[in-house]
Amino acid sequence: MSEMITADLVDLDLSADSKEAAARALAERMVALGRVTDLDGFLADVAAREAQMPTGLDGGIGIPHCRSEHVTEPTLAFGRSAAGIDFGAADGPADLVFLIAAPAGADDAHLTILSSLARQLMNAEFTDALRSAADANAAAALIRGEEPDGTGGVPERNEDSVDSVDSVAVPAAASAGAATGSPDVGPEEGPEEGSRNGTDDGPRNGTDDGPAERGRPFRVVAVTSCPTGIAHTYMAAESLEKAGREAGVEVVVETQGSAGFTRLDPAVIEAADGVIFAHDVPVRDKDRFAGKPTVDTGVKAAINRPGELIDEVRGKAARGEVTAVGAAGTDGASGTTPVERGGKPGEGYGTKLRVWLMSGVSYMVPFVAAGGLLIALGFAIGGYEINKAPSVMDHFVWSQADSWAAMLFQVGGVAFAFLVPVLAGYIAYGMADRPGLVPGFVGGSIALTVNAGFLGGLAAGLISGAVVMAIQRVRIPAALRGIMPVVVIPLISSAVVGFLMFVVIGKPIASAQKAMTDWLSGLSGANAVLLGALLGLMMCFDLGGPVNKVAYAFATAGIAVADPSDSAMKIMAAVMAAGMVPPLAMALATTVRGKLFNAAERENGKAAWVLGASFISEGAIPFAAADPLRVIPSSMVGGALTGALSMAFGATLRAPHGGIFVVPLIGNPLLYLVAIAAGVCVTTALVIVLKGLRKPAPGAVSQGPGGTDPSAPSPEAKQPVAA
């Protein structure tokens, strides 16, 4: 492979007065060497990355970087500015500017090489040497990791240089170590080296640092990640490891970069005394670290003030502050998504299967909501004949309502067409990470082609994930590893999945899908009512959790066709009605008998009115978490009643979401509202009766020794509620 940086990519007299001008000046050098094909397109990608987060670092460093389809090969360009250029760092302008360009499909080896530079930048001796470099050849050689030849000419190449493909065996930490004269470090030795240093330099007695055992230093595990996953991710890791060595703390870092990541050994996590999350994108498998003192911050904080973060997590450990198992993230989210929760060691196949399926459903739901509501709006404006309108590409009149209705309907139809491919793609993603996306989407599209529908998407996703996982277990020569994620895995897995879906299982699944559709179409009388009750129970069992999502996915699959059957629309109506019951009932209960609820619950009750009316079942979760044995059974009874009544009344619904805001699109709307009201009243009455059986008032203070606030959440109380 050609050198990632040469003297032609170095400007020791960078005269730019802004970060945009600096990026352009360095990018022009890349264009001249054929490393970048479209200057303006590449600079737009750099600007987009810069808009996500400034790339200036303390110490006078700027690292604009991006992945771009306009880059032909991984490239570094370096500029040195006498006046300094503002890249948004807190300590002022940068005099050392590195423009890092990675192809959109950069392989693991390339990204590892780029990450080695990121770690070198945390080494003061390395940056000082760049500031004093006499010519472009010397500067390029320093960045490549070559040894000077002593003649002032081009240095001789070091076998472990940053540019060499073979140097991937020597990770980022080794590059930094070479700059300081420390021994080379192997691929998996970075954290362990930090641990050894921490043991040698740190205090012999760890009892002053919270939970650390006597005779060993405090132990920290960390996760670093940034939007691009090239520079900040690895710089933050290096910074934390260095600060840990200085503080006598063992620091082991999991870098979740663009090249993927290797999960920390569960034993290492278990032995840790504290956790640091330094990230600007969601942490994958975050639940692995639950139950430990945790500091959650942005990736730049780990670069600029790692010592403070380590002190903070030690302080939390000393005070006994830990994150609750299954608790929401500090970013305010209601917890990690299923695809962010990997299967833990020892989990059964059934548990992992549920997580994989939920990952697909979770990513499918936004397409369902957007597409379904657009279709519903099309029907509301143009009537139910709008599905026969010609394409708006051929006929669109700005002043006609029917044209706008047709446009909304057709856009919604396009969104709906993604349901099965997205379902299959993200089931495979939950199983095999990003390599599973291509065969998953291909398999999902084939499922639509052979009319295998929703069931075909489930099968395609599981098969795709399994095929990719099998390929990943094969031992691959080092020379081929770079092309595995970009070429080999997508090629082989797509071919295998395509063969299976077209030739082997596609037709049987299509027949099963048709049989299920015919069965639903034939439902009537008591059978339909019982199905409505069952779906109502499922919708209210875990309030947005896996069981709730299964019922919702079953309903949306029925209407995700060009001309849904009457039975499918009845099922969709029953599911939405039942899902509205729990939050509306909790809102009504806090209004009718507020003294049975504490102040926080009464405040949540006000929000539950809006959430319930909008068909957001999660609005009842705060009440279920605090008092599951009363709230969940009451909600299930009311939901079952509503689902059964909705089916009995023959209410239909073409939209998969919207709550009371799509009532005009509902068949038999008045009776539909009666069904919802009946379920809400029953659930409210049951909750009030059950809570009234308790002697103390939930809003009262603690009863003293042995007494607790009955409405206060407990670890046991949270178990029935899915995140």
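In the block above lies the structure referred to throughout.
Summarised in this report is the structure supplied together with it. (Residues numbered from 1 in each chain as written. Predicted model: local features only at pLDDT ≥ 70, side-chain atom pairs only at ≥ 80, totals over all residues. Heavy atoms only, no water.)

## Remarks on the packing of aromatic side chains
Overall, the coordinates contain 12 aromatic pairs when judged by the stated rule. Aromatic pair Tyr363 and Tyr429: ring centres 6.4 Å apart, planes at 70°, arrangement edge-to-face. With Tyr363 in helix 12 (residues 349-382) and Tyr429 in helix 14 (residues 419-432), this pair connects stretches of sequence that are 66 residues apart. Accessibility expressed as a relative area gives 12% for Tyr429, which makes it buried. Aromatic pair Phe396 and Trp404: ring centres 5.1 Å apart, planes at 75°, arrangement edge-to-face. (Phe/Tyr/Trp six-rings, centres within 6.5 Å; stacked < 30°, edge-to-face > 60°. Helix = DSSP H or I, 4+ residues; strand = E, 2+ residues; numbered from the N terminus. Buried < 20%, exposed > 50% of the residue type's maximum accessible area, 1.4 Å probe, protein only.)

## Brief notes about helix 15 (residues 437-449)
The terminal C-alpha atoms of helix 15 lie 18 Å apart, and with 13 residues this matches the ideal 18 Å at 1.5 Å per residue to within 8%. Those residues of helix 15 that sit buried are Pro439, Gly440, Gly443, Gly444, Ile446 and Ala447. Seen from one end, helix 15 has its buried residues packed into an arc of 160°, which puts them on one side. Where helix 15 is buried, its residues meet helix 14, helix 16 (453-472) and helix 17 (484-504). (Expected span 1.5 Å × (residues − 1). Arc of directions from axis to C-beta. Contact = heavy atoms within 4.5 Å.)

## Considering helix 25 (residues 669-692)
The end-to-end C-alpha separation of helix 25 is 34 Å, in line with the 34 Å expected for 24 residues at 1.5 Å each. Restricting attention to buried positions, one finds in helix 25 the residues Tyr672, Ala675, Ile676, Gly679, Val680, Thr683, Thr684, Val687, Ile688 and Lys691. Buried residues along helix 25 sit in contact with helix 21 (566-592) and helix 24 (628-649).

## Some details on the packing of helix 15 against helix 17
One way to put it is that helix 15 packs onto helix 17 with a least axis distance of 9 Å and a crossing angle of 20°. Here helix 15 lies roughly parallel to helix 17, going by the angle between them. The two elements helix 15 and helix 17 cross, and the hand of that crossing is right-handed. Listed contacts from helix 17 to Val438, Pro439, Val442, Gly443, Ile446, Ala447 and Thr449 of helix 15 are Pro490, Ser493, Ser494, Val497, Gly498, Met501 and Phe502. Along the lines of polarity and charge, the residues of the contact of helix 15 with helix 17 split into 9 nonpolar, 5 polar and no charged. (Axes fitted to C-alpha atoms, helices over the stretch in contact; angles between N-to-C directions. Parallel < 35°, antiparallel > 145°, perpendicular 65-115°, else oblique. Left-handed = near helix turned anticlockwise from the far one by under 90°. Nonpolar A, V, L, I, M, F, W, Y, C, P; charged D, E, K, R; others polar.)

## Concerning the pattern of salt bridges
In a structure, side chains of opposite charge can pair up when their charged atoms sit close to one another. Counted by the stated rule, this structure contains 17 salt bridges. Between Glu250 and Arg219 there is a salt bridge whose closest N-O contact spans 3.4 Å. A residue pair is termed long-range when its members are at least 10 positions apart, and Glu250 in strand 8 (residues 250-255) and Arg219 in strand 7 (residues 219-225) qualify at 31 residues. With relative accessibility at 26%, the residue Arg219 sits in the partly exposed group. (Salt bridge = Lys/Arg side-chain N within 4 Å of Asp/Glu carboxyl O.)

## Points about the environment of Ala405
Mapped onto the secondary structure, Ala405 falls in helix 13 (residues 401-416). For Ala405, a relative accessible area of 0% gives the class buried. Residues Ala405 and Ile386 lie 19 residues apart in sequence; the distance between their C-alpha atoms is 7.1 Å.

## A look at the pairing of strand 5 (residues 75-85)
Here strand 5 lies mainly inside the structure; 8 of its 11 residues are buried. For strand 1 (residues 10-11) and strand 5, the ladder comprises 2 bridges, and the chain directions are parallel. Bridge pairing links Val10 to Phe78 in strand 5. Sheet analysis places strand 5 next to strand 6 (residues 94-103), joined by 7 bridges and oriented antiparallel. When the bridges of strand 6 are listed, Gly79 appears paired with Val97. (Pairing = 2+ DSSP bridges.)

## A look at the packing of helix 24 against helix 25
With their axes 8 Å apart at the nearest point, helix 24 and helix 25 run at an angle of 160° to one another. Taken together, the axis directions place helix 24 and helix 25 in an arrangement best described as roughly antiparallel. As helix 24 runs across helix 25, the sense of the crossing is right-handed.

## Digging into the environment of Ala568
The topology assignment puts Ala568 in helix 21. Each C-alpha atom, one on Ala568 and one on Ala557, is 8.6 Å from the other, the two residues being 11 residues apart in sequence. Non-local contacts of Ala568, meaning those with residues more than four positions away in its chain, are made with Gly558 and Ile559.

## Considering the pairing of strand 7
Of all 7 residues in strand 7, 6 are buried, a share of seventy percent or more. Pairing of strand 7 with strand 8, which is carried by 6 bridges, proceeds in the parallel orientation. Pairing of Val223 across the sheet is with Glu254, part of strand 8. Direction of pairing for strand 7 relative to strand 9 (residues 274-279): parallel, over a ladder of 6 bridges. Bridged to Ala222 within strand 9 is Ile276.

This is a description of form; function is not addressed.
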